[in-house]
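# Tertiary structure, described
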Amino acid sequence: MHPILEEFCDKWVWPTMPGAPGAEFRLKLTREKCLPAWEAILERTVHDIEEELTSNDEEWKRQHALRGYAAEGVHMSIKQMSAQLLSVDIGDQENLIDLQRMRARQIWDECKHSKLHADVLLGKGWVANERELMSIAQANVQPLPAYFGLSMMFPHIHPLARAAQNYYTEANACLGIMAYIKMVDDPLVVHEHLSQRDEELMHFMEGKFQLDFYCTTPESQHHVEDALGYLLHQIGGFGRSPQPAAAPRKVAP
């Protein structure tokens, strides 16, 4: 296991609250599906950073900042995270209020992250002000349409299906941030990642919390496994899992 992944798992993945009803399910998913993908994606990220550091210019920093701004721009973040809030019916709000509070907090976090990418572009002199980014297509095009599409489908699938996205994908974000902080010494790039570190970790812990305490029925676990399978295959290129079906949902009276 890569030392960065080992450190992350020892601190945040393996510790489990005694009696957590969904912990066994989470740990099984982790060992069988998440760990191999986390390892492969981390190795890919480390390799990319090593190649970037050998380049003679800073174009890779500009490209990363533009893609980050596009993926976490205010308009994109509000759309995506609002869909997560809408996945919980009015009648279920009181039962999942902790979940809703975490998702509401994440809206703010994701909107702030776009500003960190803008800091790099401004600090390097690539744009004079953030308004200029509105005329740069690359800063406004969602780089992962399959990921965004899945996010918008959660209200039609199951209120807890997004636990897979929080747990698996946000772990990849945490690992990538750890790698960049460890390997890159540019102050602006470190700022771009360090300022996100604790918030991305909170998003991962949100997924862990959902899996350990909410995803305790065969129905919810089935939807989590389907969503994870889609993320692994469609986004990461691992295995061949079917796209999750939009199962009928009960409508609150």
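Each remark here, short or long, concerns the structure printed above.
Residues numbered from 1 in each chain as written. Predicted model: local features only at pLDDT ≥ 70, side-chain atom pairs only at ≥ 80, totals over all residues. Heavy atoms only, no water.

## So, the pattern of salt bridges
How we decide: Only one rule defines a salt bridge in this text: a Lys or Arg side-chain nitrogen within 4 Å of an Asp or Glu carboxyl oxygen. Only runs of H or I of at least four residues qualify as helices and only runs of E of at least two qualify as strands under DSSP, and these elements are numbered from the N terminus. Residue burial is assigned from relative accessible area. The probe radius is 1.4 Å, only protein chains are included, and a residue is buried under 20% of its type maximum, exposed over 50%, and partly exposed in between.
With the rule as written, the count across this model stands at 13 salt bridges. With a closest N to O distance of 2.9 Å, E58 and K124 form a salt bridge. Residue E58 is found in the loop between α2 (23–53) and α3 (59–72), and its partner K124 is found in the loop between α5 (97–123) and α6 (145–153); the two are separated by 66 residues along the sequence. Residue E58 is classed as partly exposed on the basis of its relative accessible area, which comes to 31%. Note that R197 and D198 form a salt bridge whose closest N and O atoms lie 3.8 Å from each other. On the basis of relative accessibility, which here comes to 40%, the residue R197 falls in the partly exposed class.

## Section: the nonpolar core
Under the convention used in this document: Grouping buried Ala, Val, Leu, Ile, Met, Phe, Trp, Tyr and Cys residues that are joined through side-chain atoms within 4.5 Å yields what is termed a nonpolar core. In this analysis, two residues are considered to be in contact whenever any of their non-hydrogen atoms come within 4.5 Å of each other.
F8, W38, Y168, F204 and V224 are the most contacted members of the largest nonpolar core, which totals 49 residues. Counting residues per element, this core draws most heavily on α2, at 10 residues. The contacts of F8, once residues within four sequence positions are left out, are V13, A171, C174, L175, M178, L201 and F204. A65, A118, V120 and A139 belong to the second-largest nonpolar core, a separate cluster that totals nine residues.

## Section: the packing of aromatic side chains
Heads up, the condition is: Stacked, tilted and edge-to-face pairs are distinguished by plane angle, under 30 degrees for stacked and over 60 for edge-to-face with tilted covering the rest, among Phe, Tyr and Trp rings (Trp via its six-membered ring) whose centres lie within 6.5 Å.
What the rule picks out here adds up to six aromatic pairs. Taken together, a centroid distance of 6.5 Å and an interplanar angle of 90° make the contact between F8 and W38 edge-to-face. Residue F8 is located in helix α1 (residues 3–13), and its partner W38 is located in helix α2; the two are separated by 30 residues in the primary sequence. The pair F8 / W38 is uniform in exposure class, with both members buried. The interplanar angle of 55° and the centroid separation of 5.7 Å between the aromatic rings of W38 and Y167 together place this pair among those described as tilted. Taken together, the residues W38 in helix α2 and Y167 in helix α7 (residues 163–183) connect sequence positions 129 residues apart. Classification of Y167 by relative accessible area gives buried; the value is 2%. An aromatic cluster is present here, built from F8, W38, Y167 and F204 joined pairwise through their rings.

## Some thoughts on the side chain of H158
Quick note on the threshold: Polar contacts, as counted here, are pairs of nitrogen or oxygen atoms within 3.5 Å of one another; within protein the pair requires one atom able to donate a hydrogen and one able to accept it, and residues that are adjacent in sequence qualify only if both atoms are side-chain atoms.
Relative to the helices and strands, H158 resides in the loop between α6 and α7. On the accessibility criterion, H158 (10% relative accessible area) is buried. A distance of 3.0 Å separates a polar atom in the side chain of H158 from the backbone nitrogen of L160.

## Section: the environment of L85
Mapped onto the elements of the fold, L85 is located in helix α4 (residues 74–86). Once you skip the residues sitting within four places of it in the chain, L85 turns out to touch Q93, Q100, R103, A104 and I107.

## Brief notes about the packing of α1 against α2
This is how the line gets drawn: Fitting a line to C-alpha atoms yields each axis, with helices limited to the stretch in contact; the angle taken between N-to-C directions then spans 0 to 180 degrees. Oblique is the label for any angle not covered by the other classes, which are roughly parallel (under 35 degrees), roughly antiparallel (over 145) and roughly perpendicular (65 to 115). Two helices cross in a left-handed way if the nearer one is turned anticlockwise from the farther one by less than a right angle. They cross in a right-handed way if the turn is clockwise. In this classification, Asp, Glu, Lys and Arg are treated as charged, Ala, Val, Leu, Ile, Met, Phe, Trp, Tyr, Cys and Pro as nonpolar, and every other residue, Gly included, as polar.
Two numbers describe how α1 lies on α2: the axes approach to 11 Å, and their chain directions differ by 150°. One element, α1, and the other, α2, form an angle in the roughly antiparallel class. Crossing of α1 against α2: the hand is right-handed. Contacts from I4, L5, C9 and V13 of α1 reach α2 at R26, L27, T30, L35, W38, E39 and L42. Split into classes, the residues belonging to the contact of α1 with α2 amount to eight nonpolar, one polar and two charged.

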